[in-house]
Number of protein chains: 2
Amino acid sequence: MADEVILLDFWPSPFGMRARIALREKGVDFDPRVEDPRNKSPLLLETNPVHKKIPVLVHNGKPVCESLIIVQYIDETWGPESPLLPSDPHERACARFWADYVDKKIPVIGAVWASTGEAQEAAKKEYIEGLKVLEGELGDKAYFGGDRFGYVDVSLIPFYSWFYALETFSDFSHEEECPKLVGWAKRCMQRESVAKSLPDSHKVYDFMLELRKKIQAQ
Amino acid sequence: MADEVILLDFWPSPFGMRARIALREKGVDFDPRVEDPRNKSPLLLETNPVHKKIPVLVHNGKPVCESLIIVQYIDETWGPESPLLPSDPHERACARFWADYVDKKIPVIGAVWASTGEAQEAAKKEYIEGLKVLEGELGDKAYFGGDRFGYVDVSLIPFYSWFYALETFSDFSHEEECPKLVGWAKRCMQRESVAKSLPDSHKVYDFMLELRKKIQAQ
């Protein structure tokens with residue numbers, strides 16, 4: 001019997017994009033179910049009762065939650081011939097460290113696009129500092145792990161679809177601040193798994209503009 | 001040549017304790033180096049330049065940072081006959097989920113012991129709610145993974161050494177709120193790896209009392 005793979009997802013979510021990219025890297029057919037954050041489905045509440053958040057991967061009825069854990073699960077379950085994590089334990093620990101770094105630096109993005117004035121400037125500074133650390137780690141490599149697209153790339157590339165919105169709301173250029181990182185992002189976008197999984201930047205901007213209006217009206 | 005294993009550590013740190021427990025579970029001899037948080041060693045700054053935090057495991061000169069990543073590295077490097085993570089990918093994802101849950105709920109502990117009044121009450125409420133979710137997940141099992149001490153146990157048990165201090169500062173009883181969790185903690189403490197790695201609760205209390213005075217004086 002074929003695997004039943006359902007992905008509970010929401011299109012502008014970078015965390016959902018991670019799961020989409022990993023599944024496509026492994027060539028896994030999946031049934032994407034778009035969730036409404038204001039009206040969560042019974043399946044979402046049942047499969048992620050603790051956090052009640054997308055993404056959730058439901059594989060033959062068994063749920064896996066939290067995007068980086070989902071990506072590791074996908075890597076361990078399908079396509080051992082095209083691993084996302086390196087086989088060497090120390091290299092694997094380094095990959096986990098940088099994906100974790102991305103997750104630790106992400107919360108500040110909210111303040112870059114949703115806040116204004118001094119709070120926005122402080123958030124922008126922190127965000128760019130975080131990106132520069134990642135740019136330093138990338139260096140002159142093609143991908144974070146070297147020549148192969150892998151786990152750290154999957155964890156970070158979804159945010160590329162937010163770059164245009166962040167630049168427009170907060171008046172700076174990723175290209176000027178982190179040229180190597182933008183080069184890396186363009187390289188990643190040449191992969192079908194990434195190109196098919198990231199939404200159009202202008203659509204993300206329109207979505208965030210609407211959300212920003214709602215937040216600021218509150 | 002024998003492995004050189006150095007652990008940069010600080011005795012009251014639950015994150016450091018995780019690494020100590022995992023190394024002892026695997027029977028790995030290690031050289032514990034106690035760091036002074038106010039005067040970090042050149043080795044710490046060199047091996048963890050991004051976060052500049054303990055614990056850092058330095059294995060034959062190669063550093064691994066972030067406690068849960070260290071525990072996974074230890075599990076993948078030594079003693080495959082006594083694994084901390086389950087071999088089944090879905091069970092492994094579940095173990096990672098609960099260890100991640102512990103890490104997401106931990107920050108509130110700071111406010112339980114360091115704050116006062118309403119802020120402390122709110123933090124205590126959030127902390128106990130988090131523990132009750134963990135108690136629900138534990139249920140009637142001996143350990144989080146079933147009959148075997150494993151990854152989730154390693155991630156959570158260090159905080160048992162803080163229970164006495166938290167109760168004294170914030171006036172509640174873990175035993176009353178979460179009796180099964182306290183039973184589990186006592187069971188874990190019967191393991192040599194845990195008993196040798198957790199400091200005395202009263203020593204932790206004295207340390208936190210001093211630190212609390214300094215914070216409140218600022």
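The rules behind each value
- Residues numbered from 1 in each chain as written.
- Chains lettered and ligands numbered in written order.
- Predicted model: local features only at pLDDT ≥ 70, side-chain atom pairs only at ≥ 80, totals over all residues.
- Heavy atoms only, no water.
- UniProt positions renumbered as here; feature names shortened; annotations may be inferred.
- Least-squares fit on C-alpha atoms with pLDDT ≥ 70 in both.
- Salt bridge = Lys/Arg side-chain N within 4 Å of Asp/Glu carboxyl O.
- Helix = DSSP H or I, 4+ residues; strand = E, 2+ residues; numbered from the N terminus.
- Axes fitted to C-alpha atoms, helices over the stretch in contact; angles between N-to-C directions.
- Parallel < 35°, antiparallel > 145°, perpendicular 65-115°, else oblique.
- Left-handed = near helix turned anticlockwise from the far one by under 90°.
- Contact = heavy atoms within 4.5 Å.
- Core = buried A, V, L, I, M, F, W, Y, C linked by side-chain atoms within 4.5 Å.
- Buried < 20%, exposed > 50% of the residue type's maximum accessible area, 1.4 Å probe, protein only.

Named according to an unreviewed UniProt entry, chain A is glutathione transferase originating from Rhodamnia argentea. For chain A, the Subcellular location (unreviewed entry) comment in UniProt is given as "Cytoplasm, Cytosol". Per its UniProt entry, chain A bears the Sequence similarities (unreviewed entry) comment "Belongs to the GST superfamily. Tau family."

Trainee: How should the relation of the copies chain A and chain B be read in this particular structure?
Mentor: One copy of the chain maps onto the second through a rotation around an axis plus a translation along that axis. Expressed as a screw transformation, the operator carrying chain A onto chain B has a rotation angle of 180° and an axial translation of 0.0 Å, and the superposed copies differ by an RMSD of 0.0 Å. The transformation just described matches what one would write down for a two-fold rotation axis.

Trainee: Looking at this model, I keep getting lost on the pattern of salt bridges. Mind explaining?
Mentor: Oppositely charged side chains may form a pair once their charged atoms are brought near each other. Counted by the stated rule, this structure contains 34 salt bridges over all chains. Lys104 of chain A is paired through a salt bridge with Asp100 of chain A; the nearest N and O atoms lie 2.6 Å apart. Of this pair, Lys104 of chain A and Asp100 of chain A both sit in helix α4 (residues 89–105), separated by four residues, roughly a single helical turn. The structure contains a network of salt bridges with shared partners spanning Glu66 of chain A together with Asp100 and Lys104 of chain B.

Trainee: Looking at this structure, how should I read the environment of Leu85 of chain A?
Mentor: Within the fold, Leu85 of chain A resides in the loop between α3 (67–77) and α4. Spatially, the C-alpha atoms of Leu85 of chain A and Ala142 of chain A are 16 Å apart, while their sequence positions differ by 57 residues.

Trainee: Teacher, can you tell me more about the packing of helix α5 (residues 107–114) of chain A against helix α6 (residues 117–138) of chain A here?
Mentor: The description of two helices packed together rests on the angle between their axes and the distance between the axes. All names here are of chain A. Direction vectors running N to C along α5 and α6 enclose 140°, while the axes themselves pass 8 Å from each other. If you check the angle between α5 and α6, you find them oblique. The crossing of α5 and α6 is left-handed. Packed against α5, whose contacting residues are Val108, Ile109, Ala111 and Val112, the element α6 presents Gln120, Ala123, Lys124, Glu126 and Tyr127 at the interface.

Trainee: What is the right way to read the nonpolar core from this model?
Mentor: Across soluble globular proteins, nonpolar side chains show a tendency to be buried alongside one another. With 144 residues, the main nonpolar core has Leu57, Tyr127 and Trp184 of chain A together with Leu57, Tyr127 and Trp184 of chain B as its most contacted residues. Setting aside anything within four residues of it in sequence, one finds Leu57 of chain A in contact with Val5, Ile6, Leu7, Leu23, Lys62, Pro63, Val64, Ile70, Tyr73, Ile74 and Trp78 of chain A.

Trainee: Even after reading the chapter, I still don't get unusual backbone geometry, so can you show me in this structure?
Mentor: Excluding glycine, most residues fall at negative phi; most peptide bonds, likewise, are trans. All names here are of chain A. Of the consecutive residues Ile54 and Pro55, the connecting peptide bond is found in the cis state with omega at -5°. Within the element layout of this structure, Pro55 appears in the loop between α2 (42–47) and β3 (56–59). Positive phi, normally seen in glycine, also occurs at Asn60, with a value near 50°. Mapped onto the elements of the fold, Asn60 is located in the loop between β3 and β4 (62–65). Among the residues examined, Asn60 registers a relative accessible area of 40% and is labelled partly exposed.

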